[in-house]
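Residues per chain, in single letters:
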Amino acid sequence: MTNQELLEKNMEKRTKCIIYTRVMGYHRPIESFNIGKKGEHKQRVKFAESKSNL
């Protein structure tokens, strides 16, 4: 079964995902951002922190 077939089969089970981000010490949903803040959020660089070799 292809990915497209799986998506179509389970479409009625899907729900909207609300993404939160930490802003100034508290969490806010991205959907509440204004257009400038949404653009800034898209430009952020995401990174994975590696283990320390201490």
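Check the entry above for the structure.
Description of the structure in this document. (Residues numbered from 1 in each chain as written. Predicted model: local features only at pLDDT ≥ 70, side-chain atom pairs only at ≥ 80, totals over all residues. Heavy atoms only, no water.)

Looking only at helices and strands, one finds 2 helices and 2 strands in the protein. Put simply, the protein runs from its N terminus to its C terminus through helices and strands in the order α-β-β-α. The C-alpha extent of the protein, read off along each of the three principal axes, is 45 × 40 × 20 Å. A total accessible area of about 5,600 Å² is found for the protein, and carbon and sulfur atoms account for 55% of it. Side-chain charges of the protein comprise 12 positive and 6 negative groups, with the mean position of each set lying 8 Å from the other. (Helix = DSSP H or I, 4+ residues; strand = E, 2+ residues; numbered from the N terminus. Areas by Shrake-Rupley, 256 points an atom, 1.4 Å probe, with all protein chains shown as cover. Lys, Arg positive; Asp, Glu negative; His and termini not counted. Charge placed at Lys NZ, Arg CZ, Asp CG, Glu CD.)

With that out of the way, let us pick up the pairing of strand β2 (residues 26-29). Summarising the sheet, strand β1 (residues 20-23) and β2 pair through 4 bridges and their orientation is antiparallel. Within β2, the position partnered with R22 by the bridge is H27. (Pairing = 2+ DSSP bridges.)

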